[in-house]
Amino acid sequence: TNIVDTVEALTPTEGEVAARALVVREVGAAVRAALPEFRHIQVLPFGSSVSGLGTRGSDIDMVVVGARAPRSVDKGFYDRDERPGVARLLDKIV
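These lines cover the structure that appears in this document, whether it is placed above or below. Note that the structure is predicted; figures quoted are calculated from it, not measured.

Quick notes on the overall build of the protein
At step 1: A count of helical and extended segments in the protein gives 4 helices and 2 strands.
At step 2: The linear arrangement of helices and strands in the protein, starting from the amino end, is α-α-β-α-β-α.
At step 3: For 94 residues, the compact-globule estimate of 2.2 N^0.38 gives 12 Å, and the C-alpha radius of gyration of the protein, at 17 Å, exceeds that figure by more than 25%.
At step 4: For the protein, the C-alpha atoms occupy an extent of roughly 55 × 30 × 20 Å along the three principal directions.

Right under this line is the structure:
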């Protein structure tokens, strides 16, 4: 096969793109329902699905934001003693 055929075979269809968007919306709804105390909580997609570089077999990368900021915002991640609390929040989602 040539390159064009390969790209066409790997590129998600409009229906597949719409289905991925629906998954992100549904996960967002589930997160908001599980954690109603966080009014500004969001589920945001990122990665290849958003950049347009995703293939039909790509996963959907998502991040939950707006629940709880790390104490040390400049580091950008949770300290060891904060992680159990974050894990308990995430357990509410599943």
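A few points about the side chain of Arg20
At step 1: Turning to its location among the elements, Arg20 is positioned in helix α2 (residues 14-34).
At step 2: Buried charge without a salt bridge: Arg20, with Glu16 as the nearest opposite-charge side chain at an N-O distance of 6.3 Å.
At step 3: A distance of 3.2 Å separates a polar atom in the side chain of Arg20 from a polar atom in the side chain of Ser49.
At step 4: Beyond its immediate sequence surroundings of up to four residues, Arg20 is in contact with Ser49, Thr55, Arg56, Gly57, Ser58, Asp59 and Ile60.

A short note on helix α4 (residues 83-93)
At step 1: Inspection of α4 places Gly85, Val86 and Leu89 among the buried residues, and these make up the whole buried set. For α4, the arc enclosing every buried residue in end-on projection is 100°, short of the 170-degree limit, so these residues lie on one face. Exposed residues pointing more than 90 degrees away from the buried face of α4 are listed as Arg88 and Asp91.

Things to note about the pattern of salt bridges
Should the charged atoms of two oppositely charged side chains come close, the side chains can pair.
At step 1: By the definition in use, this model includes 2 salt bridges.
At step 2: One salt bridge in this structure joins Glu37 and Lys92, with 3.3 Å as the shortest N-O distance. Taken together, the positions of Glu37 in the loop between α2 and β1 (42-46) and Lys92 in helix α4 put the pair 55 residues apart, joining distant regions of the chain.
At step 3: When its relative accessible area of 48% is taken as the criterion, Lys92 is described as partly exposed.

With respect to a nonpolar patch on the surface
At step 1: Together, Leu44, Phe46 and Val63 give the surface a local cluster of nonpolar side chains, amounting to about 230 Å² of exposed area.
At step 2: Tracing the sequence through the fold places Leu44 in strand β1.

Some details on the environment of Ala30
At step 1: In this structure, Ala30 sits in helix α2.
At step 2: A C-alpha to C-alpha distance of 9.9 Å links Ala30 and Lys92, two positions 62 residues apart in sequence.

Considering the environment of Ser58
At step 1: Turning to its location among the elements, Ser58 is positioned in the loop between α3 (48-51) and β2 (61-65).
At step 2: Sequence separation of Ser58 and Pro12 is 46 residues, and the distance between their C-alpha atoms is 9.2 Å.
At step 3: Apart from the residues within four sequence positions on either side, Ser58 is in contact with Arg20 and Ser48.
At step 4: From its side chain, Ser58 meets the backbone nitrogen of Thr55 in a polar contact 2.7 Å long.

What counts, and where the lines are drawn
Residues numbered from 1 in each chain as written. Predicted model: local features only at pLDDT ≥ 70, side-chain atom pairs only at ≥ 80, totals over all residues. Heavy atoms only, no water. Helix = DSSP H or I, 4+ residues; strand = E, 2+ residues; numbered from the N terminus. Rg over C-alpha atoms; globule rule 2.2 N^0.38 Å. Buried < 20%, exposed > 50% of the residue type's maximum accessible area, 1.4 Å probe, protein only. Lys, Arg positive; Asp, Glu negative; His and termini not counted. Salt bridge = Lys/Arg side-chain N within 4 Å of Asp/Glu carboxyl O. Polar contact = N/O pair within 3.5 Å; in protein donor to acceptor, adjacent residues only side chain to side chain. Contact = heavy atoms within 4.5 Å. Arc of directions from axis to C-beta. Patch = residues over 30% accessible without salt bridge, like charges linked within 9 Å, V, L, I, M, F, W, Y side chains within 5 Å. Areas by Shrake-Rupley, 256 points an atom, 1.4 Å probe, with all protein chains shown as cover.

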